[in-house]
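What follows is each chain in one-letter form.
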Amino acid sequence: QVQLVESGGGLVQPGGSLRLSCAASGISFAAYIMGWYRQAPGKQRELVATISSGGSTNYADSVKGRFTISRDNAKNTVDLQMNSLEPEDTAVYYCNANFRGVIVGRFDYWGQGTQVTVSS
């Protein structure tokens, strides 16, 4: 049974910070690229950040310099530290686990999402 469980969302004022966490189970965690995506009302789900097992990161231009993704392969967790939050960051944030193999194909798992609202 694969499970990705997010936590840490909530309401924060502009300029504030939040730390999102995702706990994974049921997968060989170190074999997966982990990521955070977000979806605002009326918008397509978009990439926020990804991190490989070895720690290589990728960020959307809109969050680069403000957000930091990290993972702990021993704990099967991936976090997203969000600083200098803006109203435009308001969205449901989803944890993602992705694996692609030439033989076995693609596996893509998603968490249930956690709401982040940036408002005064």
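Everything here concerns the structure above.
Residues numbered from 1 in each chain as written. Predicted model: local features only at pLDDT ≥ 70, side-chain atom pairs only at ≥ 80, totals over all residues. Heavy atoms only, no water.

Residues and numbers for the overall build of the chain, please.
Secondary structure summary: the chain contains zero helices and 11 strands in total. For a compact globule of 120 residues, the expected C-alpha radius of gyration is about 14 Å, and the chain comes in at 14 Å, within 12% of that figure. Taken along the three principal axes of its C-alpha coordinates, the chain extends 50 × 30 × 25 Å. Long-range pairs, those at least 24 residues apart, make up 55% of the contacts in the chain with a sequence separation of at least 6. For the chain, the distance from the average site of its 10 positive side-chain charges to the average site of its 9 negative ones is 4 Å. (Helix = DSSP H or I, 4+ residues; strand = E, 2+ residues; numbered from the N terminus. Rg over C-alpha atoms; globule rule 2.2 N^0.38 Å. Contact = heavy atoms within 4.5 Å. Lys, Arg positive; Asp, Glu negative; His and termini not counted. Charge placed at Lys NZ, Arg CZ, Asp CG, Glu CD.)

Tell me about the environment of G101, residues and numbers included.
Counting through the fold element by element, G101 comes out in strand β9 (residues 91-101). Separated by 29 residues in sequence, G101 and D72 have C-alpha atoms that sit 23 Å apart.

Can you lay out the pairing of strand β11 (residues 114-118) for me, pointing to particular residues and giving the numbers?
Where burial is concerned, the two faces of β11 differ: the one with T114, V116 and V118 is buried and the one with Q115 and T117 is not. When strand β2 (residues 10-12) meets β11, the two strands line up parallel, connected through three bridges. Following the sheet pairing, L11 is matched in β11 by T117. Pairing of β9 with β11 involves three bridges; the strand directions are antiparallel. The residue bridging Y93 from the neighbouring strand is T114, located in β11. (Buried < 20%, exposed > 50% of the residue type's maximum accessible area, 1.4 Å probe, protein only. Pairing = 2+ DSSP bridges.)

Which residues make up the sheet that holds strand β3 (residues 18-25), and what values go with them?
Strand order in the open sheet formed by four strands is β1-β3-β8-β7, with antiparallel pairing between adjacent strands. Every other strand in the sheet has two partners, leaving β1 (3-7) and β7 (67-72) as the edge strands with one partner each. Going from strand to strand, the sheet's axes swing by 15° on average, the running direction of each strand aside. Where β1 and β3 come together, five bridges link them in antiparallel fashion. By the bridge assignment, L4 is partnered in β3 with A24. (Axes fitted to C-alpha atoms, helices over the stretch in contact; angles between N-to-C directions.)

For a nonpolar patch on the surface, give the residues involved together with the corresponding values.
A contiguous nonpolar patch, built from V102, I103, V104 and F107 and spanning about 470 Å² of accessible area, is present on the exposed surface. Relative to the elements of secondary structure, V102 occurs in the loop between β9 and β10 (105-110). Using a relative accessible area of 84% as the deciding quantity, one classes V102 as exposed. (Patch = residues over 30% accessible without salt bridge, like charges linked within 9 Å, V, L, I, M, F, W, Y side chains within 5 Å. Areas by Shrake-Rupley, 256 points an atom, 1.4 Å probe, with all protein chains shown as cover. Salt bridge = Lys/Arg side-chain N within 4 Å of Asp/Glu carboxyl O.)

Quick rundown of the environment of E6? Include the residues and the values.
Within the secondary structure layout, E6 lies in strand β1. For E6, a relative accessible area of 6% translates into the label buried. Here the alpha-carbon distance between E6 and A24, two residues 18 residues apart in the chain, equals 9.0 Å. Residue contacts for E6: discarding those within four places in its chain leaves S21, C22, W36, Y93, Y94, C95, G111, Q112, G113 and T114. Separated by 3.0 Å, the side chain of E6 and the backbone nitrogen of G113 make a polar contact. (Polar contact = N/O pair within 3.5 Å; in protein donor to acceptor, adjacent residues only side chain to side chain.)

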